[in-house]
Amino acid sequence: MDAEITLLAGTAGTTIAALLATDTWNGVRNGLITLWRRARPDHEEQIAAQLDTSRQDLLGSRSSGDEETEREIAAEWQGRIRRLLVAHPELVAELRSLLTELDPGAPVIPAVTQRATASGSSRIYQAGRDLNVDQR
């Protein structure tokens with residue numbers, strides 16, 4: 001599930017950063033606040049303030065031609081969302097739905113599922129990414 005969460009958080013961070021400076025800004029803000037409220041109602045005001053700050057930073061950077069700020073904002077939100085989903089994996093489906101609602105043209109992030117069964121003296125190696133096996 002961690003690879004799925006990381007992938008989903010990366011997509012969410014990029015989507016949030018891209019949409020902060022658009023007409024869908026209020027939808028992004030309300031959707032993320034609702035998501036956080038379900039898991040961490042004590043952080044609702046803090047998340048709202050962080051979203052407002054991210055939007056102001058993004059708008060300021062775009063007017064000055066700074067492209068790095070959008071990547072930094074995306075990375076910040078990726079980290080926040082990844083930590084939220086690791087602590088509350090039950091929010092994965094809700095975040096997927098929110099991203100689809102906010103940016104219907106974006107590709108759907110597939111769910112990652114791995115299953116294996118071993119018997120006897122067999123071995124199973126599974127990885128969501130790189131895997132190095134050194135057996136001698």
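The residue count restarts for each chain, going from 1 along the sequence in the order it is written. It should be noted that, the model being predicted, local features are given only for residues of pLDDT at least 70 and side-chain atom pairs only at 80 or more, the latter also being counted only at that level, while totals for whole chains, interfaces and linings use all residues. Only hydrogens and water are set aside when side-chain values are computed; all heavy atoms of the structure are taken into account.

### Here we look at the environment of Pro 89
What counts here: Secondary structure elements are defined from DSSP: runs of H or I of at least 4 residues count as helices, runs of E of at least 2 residues count as strands, and each element is numbered from the N terminus. To sort residues, take the accessible area from a 1.4 Å probe on protein chains only and compare it with the maximum for the residue type: under 20% means buried, over 50% means exposed, and anything in between is partly exposed.
You can see Pro 89 is positioned in the loop between helix 4 (68-87) and helix 5 (92-102). With relative accessibility at 36%, the residue Pro 89 sits in the partly exposed group. When the C-alpha atoms of Pro 89 and Asp 2 are compared, they prove to be 9.4 Å apart, with 87 residues separating the residues in sequence.

### Some points on the packing of aromatic side chains
Test applied: Working definition: a ring pair exists when centres of Phe, Tyr or Trp rings (six-membered ring for Trp) sit within 6.5 Å. Plane angles under 30 degrees give stacked, over 60 give edge-to-face, the rest tilted. Each ring is checked for a lysine NZ or an arginine CZ that lies within 6 Å of its centre and within 35 degrees of its normal; such an atom marks a charge sitting over the ring.
Considering all chains together, one arrives at one aromatic pair under this definition. Ring centres 6.1 Å apart and planes at 85 degrees place the aromatic pair Trp 36 and Trp 77 in the edge-to-face group. Remark: Trp 77 occurs in helix 4 and Trp 36 occurs in helix 2 (residues 25-39); sequence separation between them is 41 residues. The pair Trp 36 / Trp 77 is uniform in exposure class, with both members buried. Seen from the ring of Trp 77, Arg 80 lies directly overhead, with NZ or CZ sitting 4.4 Å from the centre.

### A look at the layout of surface pockets
The gaps left among the atoms become clear once a water-sized probe is rolled over them. Heads up, the rule is: Note on definitions: the grid is 1 Å and covers protein atoms alone; a cavity is a set of points where a 1.4 Å probe fits but cannot get out; a pocket is an open set with protein on both sides within 12 Å along at least five of seven lines; lining residues have an atom within 4 Å of a point. Grid points are joined across faces, edges and corners, and a volume is the space filled by probe spheres set on the points.
A volume near 180 Å³ is recorded for the largest pocket. For the largest pocket, the full set of lining residues is Trp 36, Arg 40, His 43, Gln 46, Ile 47, Gln 50, Arg 80, Arg 83, Leu 84, Ala 87 and His 88. Within the residue set of the lining of the largest pocket, elements represented by two or more residues are helix 3 (44-64) and helix 4. Ranked by residues supplied to the lining of the largest pocket, first place goes to helix 4 with four residues.

### Structural notes on helix 5
The condition that has to hold: To obtain the arc, one takes the directions from the helix axis to the C-beta atoms. Residues are treated as being in contact if the distance between any of their heavy atoms lies within 4.5 Å.
Those residues of helix 5 not exposed but buried are Val 92, Leu 95, Arg 96, Leu 98, Leu 99 and Leu 102. Angular distribution of buried residues about the axis of helix 5 spans 165 degrees; they occupy a single face of the element. In helix 5, the exposed positions angled more than 90 degrees off the buried face are occupied by Ala 93 and Glu 101. The elements touched by buried residues of helix 5 are helix 1 (2-19), helix 2 and helix 4.

### Let's talk about the packing of helix 1 against helix 4
Filter applied, for reference: Note on geometry: axes are lines fitted to C-alpha atoms, helical ones only across the stretch in contact, with angles between N-to-C directions running from 0 to 180 degrees. What sets the label is the angle itself: under 35 degrees gives roughly parallel, over 145 gives roughly antiparallel, 65 to 115 gives roughly perpendicular, and the rest give oblique. Definitions for this section: a left-handed crossing has its near helix turned counterclockwise from the far helix by less than a right angle. A right-handed crossing has that turn clockwise. Three classes are used: nonpolar for Ala, Val, Leu, Ile, Met, Phe, Trp, Tyr, Cys and Pro, charged for Asp, Glu, Lys and Arg, and polar for all others, with Gly counted as polar.
Across the interface, helix 1 lies against helix 4 with an axial gap of 7 Å and an inter-helix angle of 140 degrees. Classified by the angle between their axes, helix 1 and helix 4 sit oblique to one another. Judged by the twist between their axes, the crossing of helix 1 over helix 4 is right-handed. Between helix 1, through Asp 2, Ile 5, Thr 6, Leu 8, Ala 9, Gly 10, Ala 12, Gly 13, Thr 14, Ile 16, Ala 17 and Ala 18, and helix 4, the contact on the second element is made entirely by Glu 70, Ile 73, Ala 74, Trp 77, Gln 78, Ile 81, Arg 82, Leu 85 and Val 86. In terms of residue class, the contact of helix 1 with helix 4 is made up of 13 nonpolar, five polar and three charged.

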